[in-house]
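As a plain string of letters, each chain reads:
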Amino acid sequence: MQRTFVKYTAAIVTSAIFLILLINFLFSLRSIESRQLSTFLTKFEQVVHTMENNRQELDELNRNLDTDYLTRAKAAAYVMDHQKGISTNVTEMQYLAKLLNVDELHVIDEKGIIVAGSVSEYIGIDMADHKQTREFLSILEKGDEEAYLIQDPQPNAAEGKIMKYVGVARKGQKGVVQVGFKPVRQMQAQSRNTYEYIFSKFPTDTGEEFFAVDCGTGKILGHSGGMDREFTADYYQLEKLRGCTEGICQKGENGSMMYVAGRQYGNVMICGTVPRNLMLQDLWTSVLTTLIYLLLIQAAVLLLLNYLVRQKVVCGIHRIIGGMDAIAAGNLDTRVDVGGNPEFRKLSQGINAMVKSIVSLSDRISSIIEVSGIPLAAFEYETGVEHVFVTSGLKELLDISDCRAEELFRNPGMFDEYIHRITDTPVSGEEDIYRISDSRYVRIHMSETSEGKLGVIIDVSSYMLQKLRLQYENTHDPLTGLYKFPRFRELAARLLNELPEGEVCAAVMLDLDSFKSINDTYGHDAGDRYLKSFAEVLKAMPEDRFLTARRSGDEFCMMIYHCRDVSEVEACLEHFYRALREGKVPLSDRQEKIISASAGYACAYAPDQSITILLNHADEALYEVKKRTKGQYTEYHDKSAAPE
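All chains use their own residue numbering, which begins from 1 and follows the written sequence. Local features are withheld for residues below a pLDDT of 70 in this predicted model, meaning they are given only at 70 or higher, and side-chain atom pairs are given and counted only at 80 or more; totals for whole chains, interfaces and linings count all residues. Calculated side-chain values reflect all of the structure's heavy atoms, with hydrogen atoms and water omitted.

(A) Up close: the overall build of the protein chain. Check the secondary structure of the protein chain and you find 18 helices and 24 strands. Atoms counted for the radius of gyration: C-alpha only. Globule rule: 2.2 Å times residue count to the power 0.38. By the compact-globule yardstick of 26 Å for 644 residues, the protein chain is too spread out, its C-alpha radius of gyration being 40 Å. Seen through its C-alpha atoms, the protein chain measures out along the principal axes to roughly 135 × 70 × 50 Å. Partly exposed residues are those whose accessible area sits between 20% and 50% of the maximum for their type, while under 20% is buried and over 50% is exposed, using a 1.4 Å probe and protein chains only. By the burial criterion, 39% of the 644 residues in the protein chain qualify as buried. Any two residues whose heavy atoms approach within 4.5 Å are treated as being in contact. When contacts within the protein chain are restricted to residue pairs at least 6 apart in sequence, long-range pairs at least 24 apart make up 56% of them. Using a 1.4 Å probe, the Shrake-Rupley method yields the accessible areas, and only the shown protein chains count as cover for residues. Of the roughly 36,800 Å² that the protein chain leaves accessible, carbon and sulfur atoms contribute 53%. Computed over 71 positive and 90 negative side-chain charges, the inter-centroid distance for the protein chain is 5 Å. Secondary structure elements are defined from DSSP: runs of H or I of at least 4 residues count as helices, runs of E of at least 2 residues count as strands, and each element is numbered from the N terminus. Charged residues are defined narrowly, with Lys and Arg counted positive, Asp and Glu counted negative, and His plus the chain ends left uncounted. Working definition for charges: the position is that of NZ of Lys, CZ of Arg, CG of Asp or CD of Glu.

Right, dumping it as structure tokens:
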């Protein structure tokens, strides 16, 4: 027996060693790839964050410059309209353009002809002759003295040079005053928002390279090693990058394998690569070292096992066999008493207990459960028996008081009714799991025979509480405690689809006014307090009327429902704005501020409207109110609809 045990043990341990090495290799390989994928995804997020920041800076710059340029255009129009004696020769117009700090200044008559300007070559140009100039004729067509037009930077009609033009209507006479600017700052900001520029500044580790591919054309838009190269390897080709968001291997230059991961951002695939052999170079060394250590440990273990089996097992087994032979021969007074180790002593005691039948069945089962340490309990009741068999721990698992437990355990019918009340309402989405209290969940398995019923109860509170916590974290914003936007869209779509006939609901988009200046002036801690205070006002709204969420950054959204008409929607909004004005947020030791937010809302009168369209309409309304003022709200109106 001893030799057989050692021989099989050696075979098993050797097999286990190689199986462990194989599993360790596969898991290590997967772990390395997962870490590399995580590293790439983190860096992709940095690229996307940079693109978003640059885009926001460009948008902010455009808004500021548009306001400034429009002010100068109106100033030029004011001078032209109120200084009746002003000369419109080229020299005077150039002087006026210099005073206004503009690059070009033109006067357009009611026929759309440039009749005066700071650039002599442009005088006499018919604005209707070119697409770029034709847009300004809309000012003349409107006949509105407050009309104006701000063009995006583009090649001008006369020379094809990149210019930005702003035109305003003249007062008291039909015509247009136009100013032009060289968009140097805008062009510089646009150049910083390209993948080629970002990758040129992006730090990379040894062997890493990053690039961006246009998903429509397959063109390389930027590369961390520069664009002065040929992109012929497989992993640069768009059709080879399918599935790379989870990490794939592709053939690189000179036949080497590359690990490639990507992330789609809009219509662009941002990718990172690293040579696969560079990822695995440390793995083989680790595997060989581990193998040597395991073989040495195996030799020591086998020697020790050989000794222990002989001294601690074989001799004891022979003594136990002798005692059991005596019991089998009919000598029930025989006591098996083998020492040497705890296992033999327990086995001896078990044999003696079995022979003498000292311990009752219920006591033994309860002892086994208690020794196991598992939060487990069992119950059984048989037909015709006026008692319920239960193991220790059942009262605690079901939160039953001692008095109530004594009553239930003496009446199987009452106990059966009690168990069925629990099992009639399982936890949604779970099988055989039931809620006992806010902090206690159990799994109940029952089987029924002709003799009675048998059940097992297991405490799964830890599993359920963790799952509920994860569900909460997946659907709620960590800073404000409001719903995240995807969960909001889901719930809002459900409210819209279930909109009762004769009721109105409204999607509301909100944006905190001047939030960036609060962050810049008082710091991000003050900004977070500002956001959380705003969220507290949202959460204080009645839950039977308001569904609230944080969209992103300083953007929030609401769904107002159970309203009879639009006036009731606006009453809800007024209630919200009153609550907003009643509190102040401390920004510093000496400064506090009332929260200011702008909002746009769009109403739905029937459940057949798309939630996406409704939210987009609310966004458009928010955009309109932000253009005009701050701290107000307005309803979306379809501009394409014909006037009544």
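(B) Region of interest: the sheet that holds strand β10 (residues 257-265). Here, any two strands with at least 2 DSSP bridges between them count as paired. The five strands are arranged β8-β7-β11-β10-β9 in an open sheet whose pairing can be described as antiparallel. Looking at which strands have only one partner, the edges of the open sheet turn out to be β8 (220-223) and β9 (248-251). The sheet shows a mean angle of 30° between the axes of neighbouring strands, taken without regard to direction. Across three bridges, the pairing between strand β7 (residues 209-214) and β8 is antiparallel. By the bridge assignment, V213 is partnered in β8 with I220. Under this scheme, a helix contributes an axis fitted over its contacting stretch, all axes are lines through C-alpha atoms, and angles between N-to-C directions fall in the 0 to 180 degree range.

(C) Representation of the environment of E121. Among the structural elements, E121 can be located in the loop between β2 (114-117) and α3 (131-134). Assessed through its relative accessible area of 61%, E121 is described here as exposed. Separated by 392 residues in sequence, E121 and D513 have C-alpha atoms that sit 45 Å apart. In protein, a polar contact requires one atom able to donate a hydrogen and another able to accept it; more generally it is a pair of N or O atoms within 3.5 Å, and residues adjacent in sequence count only if both atoms are side-chain atoms. Here the side chain of E121 touches S120 through a polar contact of 3.4 Å, side chain to side chain.

(D) Fine view of the pairing of strand β1 (residues 104-108). Of all five residues in β1, five are buried; the element is thus mostly enclosed. Of the two faces of β1, the one lined by E104, H106 and I108 and the one lined by L105 and V107 are each fully buried. Of the strand pairs in this sheet, β1 and strand β6 (residues 176-181) are connected by five bridges, and their pairing is antiparallel. Across the sheet, residue V107 finds its bridge partner in β6, namely V177. Here three bridges tie β1 to β2, and the two strands are oriented antiparallel to one another. In the sheet register, I108 faces β2, and the bridge partner there is I114. Hairpin connection of β1 to β2: five residues between the antiparallel strands, including G112 at a positive phi of 85°.

(E) Representation of the environment of G243 within the structure. Along the chain, G243 turns up in the loop between β8 and β9. Here G243 falls in the partly exposed class, since its relative accessible area comes to 46%.

(F) Quick peek at the packing of aromatic side chains. We call Phe, Tyr and Trp rings a pair once their centres come within 6.5 Å, taking the six-membered ring for Trp, and we label the pair stacked below 30 degrees between planes, edge-to-face above 60, and tilted otherwise. Here the structure, examined in full by the defined rule, presents 18 aromatic pairs. Plain terms: the ring middles of F534 and F556 are 4.8 Å apart, the flat faces sit at 65° to each other, and that makes the pair edge-to-face. With F534 in helix α16 (residues 524-539) and F556 in strand β20 (residues 555-563), this pair connects stretches of sequence that are 22 residues apart. You can call F534 buried: its relative accessible area is 0%. We classify F556 as buried; its relative accessible area is 0%. The interplanar angle of 55° and the centroid separation of 6.2 Å between the aromatic rings of Y601 and Y633 together place this pair among those described as tilted. Of this pair, Y601 sits in strand β23 (residues 597-604) while Y633 sits in strand β24 (residues 633-635), and the two are 32 residues apart along the sequence. Y601 sits in the buried class, given a relative accessible area of 1%. Following the ring pairs from residue to residue traces out a cluster consisting of F534, F556, F576, Y577, Y601 and Y633. Just above the ring of F485 sits the side chain of R551; from NZ or CZ to the centre is 5.1 Å. Throughout this description, the term charge over a ring refers to an Arg CZ or Lys NZ atom that lies within 6 Å of the ring centre and within 35 degrees of the ring normal.

(G) Highlighting unusual backbone geometry. Look at S514: it is not a glycine, yet its phi comes out positive at around 55°. When you line up the elements, S514 lands in the loop between β18 (504-512) and α15 (515-522). Its relative accessible area of 35% is what places S514 among the partly exposed residues. You will see that H562, though not glycine, has its phi angle at about 60°, which is positive. Tracing the backbone shows H562 in strand β20.

(H) Geometry of the sheet that holds β24. The strand order β17-β19-β20-β18-β23-β24 describes an open sheet built from six strands, whose pairing is mixed. In this open sheet, the two strands that pair with only one neighbour each are β17 (483-484) and β24. Both strand β19 (residues 546-552) and β20 contribute to a ladder of six bridges, which runs antiparallel. Note that in β20 the partner of F546 across the bridge is I560.

(I) Looking closely at the nonpolar core. Put simply, buried Ala, Val, Leu, Ile, Met, Phe, Trp, Tyr and Cys residues joined by side-chain atoms within 4.5 Å make one nonpolar core. Counting residues in each nonpolar core, the largest one holds 36 residues, and the members touching the most others are L512, F534, M558, I560, F576 and Y601. Looking at this core, the elements that each hand over two or more residues are β18, α15, α16, β20, α17 (566-582) and β23. Membership of the second largest hydrophobic core comes to 28 residues, among which are I17, F202, A212 and L280.

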